[in-house]
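As a plain string of letters, each chain reads:
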Amino acid sequence: MARVFFSTSLQQLTGGLEECEIEASTVRELFAQLEDRFPGIREQLASAAVAIDGDVVPGALLERLEPGSEVHFLPAISGG
Amino acid sequence: MLNGDEIDFLCNDYQTLLSALRDELGMIGTKEGCGTGDCGACSVILDGQLVCSCLVFAPEVDGRRVETIEGLAEVDHLHPLQDSFLEGAAFQCGVCTPGFLMAAKALLDRNPSPTETEVRYGVAGNLCRCTGYDKIVRSILDAAARMNEPENRKEAP
Amino acid sequence: MTTTRTGYKWVGTRPVRHDGLDKVTGRARFGADYATAGMLHGAVLRSPHPHARILSIDLTEAAAMPGVKAIITGADLPDLSDEFAAGSEGGINFRDLSRNILARDKVLYEGHPVAAVAAVTLRAAQQAAEVIEVEYEILPAVLSLEHAMEDDAPVLHDDLFTLGLDSEPDRPSNISRRRVIARGDLDAGWVEADVVVEREYTTKAVHQGYIEPHAVVAETGEDGRSTLWCSSQGHFAMRTYTTKVLGWEPGDMKVIPAEIGGGFGGKTTIYLEPLAALLSRRAGRAVKMVMTRSEVFRATGPTSGSVMRIKMGARRDGKLVAATAWMAYEAGAFPGSPIGPGVMTVLACYDIPNVLIEGYDVVLNKPKVAAYRAPGAPMAAFAAESVVDELAEKLDMDPIELRLRNAVTEGVRAVYGPKFRKIGFVETLEEARDHPHYAAPLGPWQGRGVASGFWFNFGGETTATVSINEDGTAVVMSGCPDIGGTRAALAQMAAEELGIDVHRIEPVVADTHSIGYNDMTGGSRVAFAVGIAVVDASRRLIKDMCARAALIWDVPAEEVEWVDGRAQSVTDAAAPLTLEELASGSANTGGPLSATVTVNPRGAGAGFSTQICDVEVDPDTGLVTVLRYTVVQDAGRAIHPDYVEGQMQGGAVQGIGWALNEEYIFDRNGVMENPGFLDYRMPVASDLPMIDTVIVEVPNPDHPYGVRGVGETGIIPPMAAVANAVYAATGKRMQDLPMSPVRVLEALSGD
Ligand code: FES
Ligand code: FES
């Protein structure tokens, strides 16, 4: 079970839901399950950065999720 | 006279000294940051005076003495300013460095023991965007101190 | 200055940098220092209008000028559809990038390129550009955020519909996106607050101000393969972007990195590169293009001007209980201001339970903004940290104490979502509080201000190779341009691992055909991410060398260890084998000694800085002079402390310039009035005191030596630190940047 948090912008797609628990062992699986629940969300997530337990994980699709992992979606940041 | 050598070159009458150095003579150590006399990246010493080479027309230097960054070091050792810039980490990107070194040399030639304030005003015509000037000012003061040590003084030109 | 923990031989020391000699002798080759025999020179025709439709372009006369070899306009570039560069939402959209390189149907700012010419001399190219006839239909220009956001404002892009609104917009607008962060219960928060401060702040567009203008030499062959020499923050990205805009294949382009004369984010995108490459293709000769300083100002990225309204409430005991922020950032001519990091960082230093942050990305008829050191964070911190200072005053509490009571720590949930990992914010506050500077006496018209800042930092895709030469020296190869001493830092980490002298290691920045992909030098990533790859490659080499020693000695590999640059037998079975011996004999043990590592690491480690500023205000002229300045910053671990301090000092001084002098000034017609260093006044040595530094080291657990990025955080606190100091000196809150003498005088007389 990963704990997934939705930013205020994403909450437009989740009907205001701020967080939920999802059974997924990788980020890819998580995306698929989110898309099932909230159609259209995957497109939004495609361009976002994924933070797992406080770390932004680049290219995270295949990243494993531990039980209890916290997942956030952030605007991508690169910096100057 | 360029860095002690008698040289001839051809250029257009509208060319600046900066452009003649870089484009005609291949001496790319002198940099262009603005072309309008506002950044000091193109600093050279003309007859002992610090000038922005982007503001000097090339034909004007006929028969005069020009010193550029390429002439600062001796064959087997660096100028004390170059040593202290290296050891004092006085640059990050380094594009302003040739200009600062020439400005600092002109300052120390004129005033061998400047105060911090004199150093700051001495290089006030040179922009550095990377360092915040702290390490540049310290390195110039350090070079002055080195050059003033008795065993070095006789070597100073 | 903190002395770095010992126990390391090279990490934490200050060796002379490897590229130093070239840079003090004028031998280093920067972008404009490349030339090839017979090359052409390029010039750009730029729009004189901030907003106009291009009706026609007539090249006839220009093409007939002597020496002109090729001319291109927007019609010569493929018309791309929306596509974002990997991982840069709200960042680089190739469609916009193409239209910024050469305008297609509209020009959107004064200085917007319309055509480019290559000719045998620069003069000929410039003269030809001048006679290109462009017919414009002038459109009303939008020059301020307020105007751009009005319902009936002229619209720059007919197809731009605001993203992130509660309901689908039914017509185009200049607002490209709205971002919101909300948490807690604001109403309850305000009820709990004993004091509330609400203020509006504005900042102007400012330029990165690197001293080296953009420059490129491009040579495209008859087979369509090309070579680019250019200075940038990342030659791999230059290749990706340039080929994308041209519709070429990345594999057909080699980009050779020049030394870079400063970037600060501004050289993370392309301007001249596709022009030079395409002109070269058309002319069949190499083409060199160099911007003038005026072009750099008028047409390369400044950072956003902004308008921000911040409201914060605190309990009597200093606990911040509620905050709102409304922020609008200028994106320039195309969407993509750093409003994302703006909303995420504005309140990120503090643990506030009830928050609403709303940010807008707004296009207007000014140059498209580019990244600038911690993009989006400094202006936000100016606003938020000014409010915090005012709250401290209202609470009659020391401003550092107020920050300490609310500072985020490990495990606290950041306002933008995730929990912080190990961070050093509290440590920077404590060091600042205990610094002698903080207690030093002040005179009349003098004042002291403090402010803090947060930046994420970044990892990024990385390749590094470490190879051993036959004489036991080593080469450390990366693909990230060295802007401020990263060659030295990488060599130090390799020296530490391999156990050899740092000057027996040559650090190299390799071109796009010589090493695997590397993201840009940006996001304060090189010492962190490339450091991880270099350390890992060194460790693999050591393992390999130990295995080879075991082979030679005919003992199990576990019986060999690496000590001080030598393979030693734990059982003393044989005399140690030095790196040199192993290297020279490598032909017999399996071939050359070399290891390449690729990574895309997580855990860049958040950076925090707290800064103290003393100013003196001249009540007659309004001139603000910085008397003393101290930067306290968490570096995780300083590999080369000189260059860590240099980043802190350089960032702080850029921030001081932003605070006091720098601004883009446009006339009523949208023409930039100060596109030169004379009137766009950056700090010079005589404006400043020494910049003291305190390096705090709270190691980043995700880096073998604990490195956190240090390049960006330093620029975040200065504007608020200066403004708070001006308040302390004068009793006036400065809410608009820059705090130029005129503005300060106005404030002083505004009683
Ligand atoms: S290039 Fe001469 S002063 Fe800037
Ligand atoms: S070191 Fe980069 S401008 Fe001075």
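One can find the structure itself at the top, above this paragraph.
Residues numbered from 1 in each chain as written. Chains lettered and ligands numbered in written order. Predicted model: local features only at pLDDT ≥ 70, side-chain atom pairs only at ≥ 80, totals over all residues.

**Regarding the arrangement of the chains**
(1) Moving on: No other pair of the two pairs of chains in contact has as many contacts as chains B and C.
(2) Moving on: Taking C-alpha atoms as the reference, chain A and chain B come no closer than 14 Å and do not contact one another. (Contact = placed C-beta atoms within 7 Å.)

**Topic: the packing of helix H3 (residues 97–110) of chain B against helix H5 (residues 134–148) of chain B**
All names here are of chain B.
(1) Moving on: Relative to each other, H3 and H5 sit at 45 degrees, their axes nearing to 11 Å. In terms of axis orientation, H3 runs oblique to H5. H5 is crossed by H3, and the crossing has right-handed handedness. On H5, the residues touching Phe100, Ala104 and Leu108 of H3 are Ile136, Ile140, Ala143, Ala144 and Met147.
(2) Moving on: Taken together, the residues of the contact of H3 with H5 break down into eight nonpolar, no polar and no charged. (Axes fitted to C-alpha atoms, helices over the stretch in contact; angles between N-to-C directions. Helix = DSSP H or I, 4+ residues; strand = E, 2+ residues; numbered from the N terminus. Parallel < 35°, antiparallel > 145°, perpendicular 65-115°, else oblique. Left-handed = near helix turned anticlockwise from the far one by under 90°. Nonpolar A, V, L, I, M, F, W, Y, C, P; charged D, E, K, R; others polar.)

**As for the interface of chain C and chain A**
(1) Moving on: Listed as interface residues are 39 residues of chain C and, on the opposing side, 23 residues of chain A.
(2) Moving on: Breaking the side of chain C that touches chain A down by element, the ones donating at least two residues are strand S7 (175–183) and helix H10 (339–345) of chain C.
(3) Moving on: Of all the elements, S7(C) adds the most residues to the side of chain C that touches chain A, at four residues.
(4) Moving on: The residue inventory of the side of chain C that touches chain A, partitioned by class, reads 16 nonpolar, 16 polar and seven charged.

**Quick look at the interface of chain B and chain C**
(1) Moving on: Between chain B and chain C, the residue contacts involve 44 residues of the former and 42 residues of the latter.
(2) Moving on: Its residues assigned to classes, the side of chain B that touches chain C shows 24 nonpolar, 11 polar and nine charged.

**As for the sheet that holds strand S22 (residues 560–563) of chain C**
In sheet architecture, strand pairing relies on hydrogen bonds along the backbone and comes in two forms, parallel and antiparallel.
Residues and elements named next belong to chain C.
(1) Moving on: Reading across from one edge, S22-S23-S24 is the order of the three strands in this open sheet, with antiparallel pairing throughout. The strands lining the two open edges of the sheet, one partner per strand, are S22 and strand S24 (577–578).
(2) Moving on: With respect to the sheet, helix H16 (residues 526–553) is in contact with S22, strand S23 (566–569) and S24, its orientation differing from that of S22 by roughly 130 degrees. (Pairing = 2+ DSSP bridges.)

**A word on the sheet that holds strand S5 (residues 113–119) of chain C**
All names here are of chain C.
(1) Moving on: With respect to topology, seven strands assemble into an open sheet ordered S3-S5-S1-S13-S10-S11-S12, the strand pairing being mixed. On the outer flanks of this sheet lie strand S3 (68–73) and strand S12 (253–257), each paired with one strand and no other. Pairs of neighbouring strands in the sheet enclose a mean axial angle of 20 degrees, with direction left out of account.
(2) Moving on: Pairing of strand S1 (residues 40–46) with strand S13 (residues 287–290), which is carried by two bridges, proceeds in the parallel orientation. Counterpart to leucine 40 in the pairing with S13 is valine 287.
(3) Moving on: The strands touched by helix H4 (residues 122–130) are S1, S3 and S5; relative to S1, the strand with the most contacts, the crossing angle is about 25 degrees.
(4) Moving on: Packed on one face of the sheet, helix H7 (residues 235–246) meets strand S11 (226–230) and S12 and runs near 145 degrees to S12.

Scope: geometric values only; no functional claims are made or implied.
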